[in-house]
Amino acid sequence: MTDPLLSIRELRVRFDTDEGVVQAVDGVSFDVERGETVCVVGESGSGKTVACESVTRLIPMPPGEIAGGEILFDGEDLTEASEKRLESIRGGRIAHVFQNPQSALNPVYPIGAQIVEAIRLHRDVSKQAARDRAIDLLDRVGIPEATARVDDYPHEFSGGMKQRVVIAMALAADPDLLVADEPTTALDVTIQAQILRLLRDLQAEFGMSIVFVTHDLGVVAEIADRVVVMYAGRVMETGSVHDVFDRPSHPYTKALLDCLPGQGQSMRPIGGTLPDLKQPPAGCRFHPRCPHATADCRTGTHPELLPVGSGHDAACVYYGPGYDSTVIRGESVSESRAADGGDAVADSDSDHDTTGGDC
Ligand SMILES: Nc1ncnc2c1ncn2[C@@H]1O[C@H](COP(=O)(O)OP(=O)(O)OP(=O)(O)O)[C@@H](O)[C@H]1O
Ligand code: NI
């Protein structure tokens, strides 16, 4: 077996703000194998973007700081890399696609010129060769009549077409890793599905790895090989998409899945709110919202990831000694909510209420 393409080890990222230090990512580890798609899921504010942008140090520093851990990309620790080195990796071996295609395109240049620039930044090819490749890329991402449209400006494309252009630009240097942060969230459902299909096809064609950030589990089911479930700056569960969907093992994952239409008892959002990352709760970060929390969950440090199956781990004390994990796996969170009167999921009056938007 070869080493993973990307191996994030115990990554810690914090932001020094006027209100205090935000521990946005606090000991996150996960791997991305060559050619696979890993989806990072979790509610808004769980640290998905910060973790993924830290890979090529795209987070604003300051106030951000990589406070610990390693980011091994093809064996090289990017936390130690110089800014110059990272510049060559960004858009070269690692490309990012963001939610809003507008922000990635310069409105005053034709799209072709921007793709040509991206190609020539990382490859020593003639203008004509780069232009031919730009047209080819536009064609591959499904821009109709690419030859005629290569000199059009960004505003002449619809939102979905613009995102295709951005993807073409991301592919310009033939990256080994594409980091896509909610690339379809701003698009309507039909276009979303087309872009997901496109990414799947392009992956088959180009053989790249994809890290796909989303809080939409429907999208995960479409595209992921493996899933990393994040909550409040930690990984709660990780495994193949099959294992995580069929045998969700962390109460948080179960709660997220219960929010999916057609799953669990209802489509109600997970009750309660994400903790304040300036003062995260002791013990398991999820304990204030967890219907199964015991005294052990409320003290000490956040539980480590424990194996719950082959290549499937969950950070929950119920998989440690002295606990019966069937309590977690044997029933849905909605059932246990009903059984205990739902007090663990009572609405909070915090102003950081994340409920409602994530299911
Ligand atoms: N520049 C910054 N300054 C201060 N805090 C920040 C900054 N960027 C992110 N954070 C904080 O880091 C935490 C994690 O944010 P992040 O954007 O990674 O969440 P996310 O999981 O990507 O959420 P979403 O689904 O909304 O995109 C949040 O508490 C956020 O407020
Ligand atoms: Ni985000």
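Residues numbered from 1 in each chain as written. Chains lettered and ligands numbered in written order. Predicted model: local features only at pLDDT ≥ 70, side-chain atom pairs only at ≥ 80, totals over all residues.

**Student:** Which residues make up the overall build of the protein chain, and what values do they have?
**Tutor:** For the protein chain, the helix and strand inventory stands at 13 helices and twelve strands. When contacts within the protein chain are restricted to residue pairs at least 6 apart in sequence, long-range pairs at least 24 apart make up 65% of them. (Helix = DSSP H or I, 4+ residues; strand = E, 2+ residues; numbered from the N terminus. Contact = placed C-beta atoms within 7 Å.)

**Student:** So what's going on with the packing of helix α4 (residues 111-122) against helix α5 (residues 127-140)? Residues and values would help.
**Tutor:** The N-to-C vectors of α4 and α5 enclose an angle of 115°; their axes lie 9 Å apart at closest approach. Crossing handedness for the pair α4 and α5: right-handed. On α5, the residues touching Gly112, Ile115, Val116, Ile119 and Arg120 of α4 are Lys127, Ala130, Arg131, Arg133, Ala134 and Leu137. Counted by class, the contact of α4 with α5 contains six nonpolar, one polar and four charged residues. (Axes fitted to C-alpha atoms, helices over the stretch in contact; angles between N-to-C directions. Left-handed = near helix turned anticlockwise from the far one by under 90°. Nonpolar A, V, L, I, M, F, W, Y, C, P; charged D, E, K, R; others polar.)

**Student:** Explain the environment of lysine 278 to me, using residue names and the numbers behind them.
**Tutor:** Structurally, lysine 278 can be placed in the loop between α11 (251-258) and β11 (306-309). By the C-beta count within 10 Å, which is 13 here, lysine 278 ends up partly exposed. Setting aside residues up to four positions removed in sequence, lysine 278 forms contacts with Glu19, Gly20, Val21 and Val22. (Buried ≥ 20, exposed ≤ 12 C-beta atoms within 10 Å, placed from the backbone.)

**Student:** Lay out the nonpolar core in plain terms, naming residues and giving numbers.
**Tutor:** Among the nonpolar cores identified, the biggest contains 99 residues, and Val40, Ile115, Val211 and Val229 are the most heavily contacted of them. Among the elements that line this core, the one with the most residues is helix α7 (residues 159-170), at seven residues. For valine 40, the residues in contact, after removing those within four places along its chain, are Lys48, Ala51, Cys52, Val211, Val213, Val228 and Met230. (Core = buried A, V, L, I, M, F, W, Y, C linked by C-beta atoms within 7 Å.)

**Student:** Explain the packing of α4 against α7 to me, and be specific about the residues and the numbers.
**Tutor:** Interaxial distance between α4 and α7 falls to 9 Å at its minimum, and their mutual angle equals 20°. As summarised for this structure, α4 and α7 are arranged roughly parallel, according to the angle between their axes. Handedness of the crossing formed by α4 with α7: right-handed. The residues of α7 that touch α4, namely those facing Ile111, Gln114, Ile115 and Ala118, are Val165, Ala168 and Met169. (Parallel < 35°, antiparallel > 145°, perpendicular 65-115°, else oblique.)

**Student:** How would you summarise the UniProt feature "domain: ABC transporter" (unreviewed entry) in the protein chain if you had to cite specific residues and measurements?
**Tutor:** Under the present numbering, the feature "domain: ABC transporter" (unreviewed entry) in UniProt falls on residues 8-257. Helix makes up 39% of residues 8-257 and strand 27%, and the two end C-alpha atoms of the span are 25 Å apart. (UniProt positions renumbered as here; feature names shortened; annotations may be inferred.)

**Student:** I'd like a rundown of the site of ligand 1, residues and numbers included.
**Tutor:** Taken together, 17 residues sit near ligand 1, with Phe15, Ala24, Ser44, Thr49 and Val50 positioned nearest. Those elements that place two or more of their residues in the shell around ligand 1 are β1 (6-17), β2 (20-32) and α1 (48-54). No other element matches α1, which puts three residues into the shell around ligand 1. (Near = placed C-beta within 6 Å.)

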